[in-house]
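Each chain, written out:
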Amino acid sequence: MIVSVHMPKTAGRSFEAALRRRFGAAILEDYGTYPLNTPPGVRQRAAIEACLAHASQAFDGIDCIHGHFLPIRYLLLASARPVTFVTWLRHPVQRVLSHYHYWHRAYDPATAPPLHRRVVEEQWSLERFCLSDEMRNVYAQFLWGFPIDNFDFVGITEHYDDDLAYFARRYLEIEIPSERVNAVLAPGEGHQVDPDLERRIAACHARDMALYERALEARQARPVS
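Reading guide: rules and limits
Residues numbered from 1 in each chain as written. Predicted model: local features only at pLDDT ≥ 70, side-chain atom pairs only at ≥ 80, totals over all residues. Heavy atoms only, no water. Patch = residues over 30% accessible without salt bridge, like charges linked within 9 Å, V, L, I, M, F, W, Y side chains within 5 Å. Areas by Shrake-Rupley, 256 points an atom, 1.4 Å probe, with all protein chains shown as cover. Salt bridge = Lys/Arg side-chain N within 4 Å of Asp/Glu carboxyl O. Helix = DSSP H or I, 4+ residues; strand = E, 2+ residues; numbered from the N terminus. Buried < 20%, exposed > 50% of the residue type's maximum accessible area, 1.4 Å probe, protein only. Expected span 1.5 Å × (residues − 1). Arc of directions from axis to C-beta. Contact = heavy atoms within 4.5 Å. Pairing = 2+ DSSP bridges. Axes fitted to C-alpha atoms, helices over the stretch in contact; angles between N-to-C directions. Core = buried A, V, L, I, M, F, W, Y, C linked by side-chain atoms within 4.5 Å. 1 Å grid on protein atoms, 1.4 Å probe; cavity = no way out; pocket = protein on both sides within 12 Å on 5 of 7 lines; lining within 4 Å. Points joined across faces, edges and corners; volume = space filled by probe spheres on them. Nonpolar A, V, L, I, M, F, W, Y, C, P; charged D, E, K, R; others polar.

### Looking at a nonpolar patch on the surface
On the surface, a nonpolar cluster with roughly 330 Å² of combined accessible area is contributed by Ile 48, Leu 52, Leu 76 and Trp 144. Topologically, Leu 52 is positioned in helix H2 (residues 40–54). With a relative accessible area of 55%, Leu 52 lands in the exposed category.

See below:
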């Protein structure tokens with residue numbers, strides 16, 4: 001089974017489209033927990049409870065799980081069957097800038113969860129959003145209780161096409177064409193921001209910067225396939 005953690009604004013919808021080419025209806029979408037819109041203690045307790053429940057769940061007919069969730073939710077599943085954990089990371093400054101613009105672009109007052117609603121209706125500035133406690137170190141928030149070394153594959157969004165090809169060959173044993181879903185910027189492009197604010201954002205997200213750098217180093221060390 002593939003367990004794919006969709007970190008927000010890291011090409012997760014594009015990756016889901018690629019996974020569907022391989023797994024079709026055998027994919028389970030897990031987007032219902034809204035990690036960033038749930039207080040840390042609540043989401044962590046829920047993740048542990050789900051982890052215990054999933055340990056004995058059959059998941060008949062499911063070969064891939066993909067969505068916004070804390071990966072610890074499925075940690076014990078690996079004790080019952082072979083599981084490949086995968087995720088994608090993007091430069092943390094570009095990730096949070098993209099998140100801000102996306103939440104404004106996609107806002108629907110009828111369906112927006114609490115934090116999303118606050119950001120838009122309270123008219124948070126870009127600076128407030130990027131430096132807020134709620135949005136700080138999103139990767140580290142998702143990876144609570146689940147070290148990044150537990151992942152079998154960590155793709156880098158800036159190298160999406162090459163990394164998707166590598167993932168497909170190594171883990172799916174097929175070739176999958178790359179396609180872009182929900183992409184606003186072309187590959188290699190970035191959101192522009194004042195250099196001083198960019199440095200402050202990077203410092204605010206120091207834990208995520210370290211995780212991203214570690215993933216880049218691991219990417220360089222991959223075996224040629």
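### Some remarks on helix H9 (residues 206–220)
Taking 1.5 Å per residue as the helical rise, H9 with its 15 residues ought to reach 21 Å, and the 21 Å between its terminal C-alpha atoms agrees with that figure. Of the residues making up H9, those classed as buried are Asp 208, Met 209, Leu 211, Tyr 212, Ala 215 and Arg 219. End-on, the buried residues of H9 take up no more than an arc of 160°, which puts them together on one face. Looking at H9, the residues exposed on the side facing more than 90 degrees away from the buried face are Arg 207, Glu 217 and Gln 220. Next to the buried residues of H9 lie strand E4 (84–89), helix H3 (92–105), helix H6 (138–142), strand E5 (153–156), helix H7 (160–172) and helix H8 (195–204).

### Quick word on the sheet that holds E5
Spatial strand order, E2-E3-E1-E4-E5: five strands in an open sheet with parallel pairing. Across the chains shown, the open sheet's two edge strands, defined by having one partner strand only, are strand E2 (27–29) and E5. For this sheet, the mean angle separating the axes of adjacent strands, direction not counted, is 20°. Two elements, strand E1 (residues 2–5) and strand E3 (residues 64–67), share four bridges in a ladder whose sense is parallel. The residue bridging Ser 4 from the neighbouring strand is His 66, located in E3. With respect to the sheet, helix H1 (residues 12–23) is in contact with E1, E2, E3 and E4, its orientation differing from that of E2 by roughly 150°. Along the sheet, H9 contacts E4 and E5; its crossing angle with E5, the most-contacted strand, is approximately 100°.

### Quick notes on unusual backbone geometry
For residues other than glycine, phi is negative in most cases, and the peptide bonds are mostly trans. Even without being glycine, Ala 11 reaches a positive phi, approximately 75°. With respect to the helices and strands, the residue Ala 11 is situated in the loop between E1 and H1. Positive phi outside glycine occurs at Tyr 34, with the angle close to 45°. Considering the arrangement of structural elements, one finds Tyr 34 in the loop between E2 and H2.

### Re the environment of Arg 219
Along the polypeptide, Arg 219 turns up in helix H9. Residue class for Arg 219 comes out buried when judged on its relative accessible area of 17%. Residues Arg 219 and Gly 155 lie 64 residues apart in sequence; the distance between their C-alpha atoms is 7.8 Å. Leave out the neighbours within four places in its chain, and Arg 219 touches Ile 156, His 159, Asp 162 and Asp 163.

### What to know about the nonpolar core
In this structure, Ile 65, Tyr 74, Leu 89, Phe 129 and Phe 151 are the most contacted members of the largest nonpolar core, which totals 41 residues. The leading source of residues in this core is H3, at five residues. The contact partners of Ile 65, leaving out residues within four places of it in the chain, are Met 1, Ile 2, Val 3, Ser 4, Leu 28, Asp 30, Phe 59, Tyr 74 and Leu 77. The next biggest cluster of nonpolar side chains, apart from the first, holds 18 residues, and it includes Phe 23, Ile 27, Trp 88 and Phe 153.

### A closer look at empty space enclosed by the protein
By rolling a water-sized probe across the atoms, one finds the places where empty space is left. Under the definition given, this model contains one cavity of 30 Å³ or more. Of the voids in this model, the largest cavity is the one considered here, and its volume is about 30 Å³. The wall of the largest cavity is formed by Ser 4, Val 5, His 6, Met 7, Thr 10, Gly 12, Phe 15, His 66, Thr 87 and Trp 88. Secondary-structure elements contributing two or more residues to the lining of the largest cavity are E1, H1 and E4. Tallied by class, the residues present in the lining of the largest cavity amount to four nonpolar, six polar and no charged.

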